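Letter by letter, the chains look like this.
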Amino acid sequence: LESAVLMLACSKLGYHFSVIFEDLEEIGLSNRIKLFKPDIIFTRQDKMKLKINSKKKYKIFDKKDFEKAIKSKKEKKFENVYVSGNNSFFTLFTSGSTGMPKGITHSTAGYLIYTRLTCEKKFGMNKNSIVLTGSDAGWINGHTYSLFGPLLFGSTTILLETPISILDEKLLNKLLRMKVTVLYLPVTLLRLMKSISKIKKFKKNITALGSMGEPIASSVAKWFSKNFSRKRNQSIVNTYFQTETGGILLSPKYNQISKNSYFGSVGTVINKYLKINKLNSKTKKEIKVLSPWPGMMIDVINGKKEWSKYWDQNNNFRLFDLATKNNGNVFIHGRNDDVI
């Protein structure tokens, strides 16, 4: 809850913020902090244990400081802060599994416009939606679809401290009894649920099912749809996007059936204005975006060299994934820059 409150407070005050996934090793945390150069750090860890090798002085608040502030009951009212549409809204770091993590910055207006668009068109969100997204605040799904997306409609979002806790069927049933309408979970979690779950056709209020993190296997998508959807053969909103894109580029829609959007595919682009390169069914090609879109990143804080890697010689945006297209539906086949 503290993470969400801090994210919303920074948004309200016009402060550029960054949420860091807390389970990283110490070097991963310190690398991100050194790159972002914050003035203030909020942490659940004891601030005496937070080692940051930097000459810059930080104001660090930890759990004890929070408790002290709450007990003081001091209140301060703030006026609305107006910022430029291209104001740096937040920076979120990619996983950095192959080197120094990249700090991806999004703008305020562009990001929020695109977030609302994708929530409405792909998930069918509205003011009455109750959204359960199994993502940590340290990832892009934890920003776009756990927090800012639902709240842009005034709908309800359920925040999970640890998404893997959904494997506890008692907890999952309790959550679903809260009349969840949008259920959006990681593929890794869905695979585990399929192998150990005894859930039989839990259909009650759900109107949209989504999967995140990696392409979903057809068999897992079929199981998810069969056991959780009210509609026969309802497509899974198998989302394809990256930290850099802000929100979904391609996915099936919440109200499609599988014969129009095959299980396992990432469906089609968000709308006619987003253009990707031509793909075919026989040859795997790198998928690229040929037109700008509101949710695209505005900066990579690591420097111009890292920024330039995202663009080909024709200024098309590189996604570094291989893809094919079959009967109008796109299929993703993994990275083209993987190193084993």
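These notes cover the structure that comes with them. (Residues numbered from 1 in each chain as written. Predicted model: local features only at pLDDT ≥ 70, side-chain atom pairs only at ≥ 80, totals over all residues. Heavy atoms only, no water.)

Attention shifts here to the pairing of strand β4 (residues 103-107). Counting buried positions along β4 gives five out of five residues, so the element sits mostly inside the fold. A two-sided burial pattern is seen for β4, the buried positions comprising Gly-103, Thr-105 and Ser-107 on one face and Ile-104 and His-106 on the other. Taken together, the five bridges between strand β3 (residues 88-93) and β4 define a ladder with antiparallel strand orientation. The partner of Ser-88 across the bridge, within β4, is Ser-107. Judged from the two bridges that link them, β4 and strand β13 (residues 299-300) form a sheet pairing that is antiparallel. Within the sheet, the bridge partner assigned to Thr-105 lies in β13 and is Asp-299. (Buried < 20%, exposed > 50% of the residue type's maximum accessible area, 1.4 Å probe, protein only. Helix = DSSP H or I, 4+ residues; strand = E, 2+ residues; numbered from the N terminus. Pairing = 2+ DSSP bridges.)

Below, the discussion takes up the pattern of salt bridges. Here the structure, examined in full by the defined rule, presents seven salt bridges. Across the salt bridge formed by Glu-161 and Arg-44, the nearest N and O atoms sit 2.5 Å from each other. Residue Glu-161 is found in the loop between β6 (156-158) and α6 (169-176), and its partner Arg-44 is found in the loop between β1 (40-42) and β2 (59-61); the two are separated by 117 residues along the sequence. The exposed category is assigned to Arg-44, whose relative accessible area is 53%. Among the charged side chains, a salt-bridge network with shared partners connects Glu-22, Arg-44 and Glu-161. (Salt bridge = Lys/Arg side-chain N within 4 Å of Asp/Glu carboxyl O.)

Once that is clear, we can look at the packing of aromatic side chains. This structure, assessed with the given rule, holds 21 aromatic pairs. An aromatic cluster of three or more residues is present, and its members are Trp-293, Trp-307, Tyr-310, Trp-311, Phe-317 and Phe-320. (Phe/Tyr/Trp six-rings, centres within 6.5 Å; stacked < 30°, edge-to-face > 60°.)

One open sheet holds the three strands; their spatial order is β3-β4-β13, and the pairing between them is antiparallel. Two strands lie at the open edges of the sheet, namely β3 and β13, each paired on one side alone.

Moving on, we get to the pairing of strand β5 (residues 130-133). Moving residue by residue along a regular strand, the side chains alternate between the two faces of the sheet. A two-sided burial pattern is seen for β5, the buried positions comprising Ile-130 and Leu-132 on one face and Val-131 and Thr-133 on the other. With three bridges connecting them, β5 and β6 associate as parallel partners. Across the sheet, residue Ile-130 finds its bridge partner in β6, namely Thr-156. Each parallel crossover has a hand, and for β5 linked through helix α5 (residues 140-153) to β6 it is right-handed. For β5 and strand β7 (residues 182-186), the ladder comprises three bridges, and the chain directions are parallel. Across the sheet, Val-131 pairs through a bridge with Val-182, a residue of β7. (Right-handed = clockwise from strand over helix to strand, strands pointing away.)

The next point concerns the environment of Thr-108. Locating Thr-108 in the fold gives a position in helix α4 (residues 108-123). Among the residues examined, Thr-108 registers a relative accessible area of 15% and is labelled buried. Leaving out residues up to four positions away in the same chain, Thr-108 has contacts with Val-83, Ser-84, Gly-85, Asn-87 and Phe-89. (Contact = heavy atoms within 4.5 Å.)

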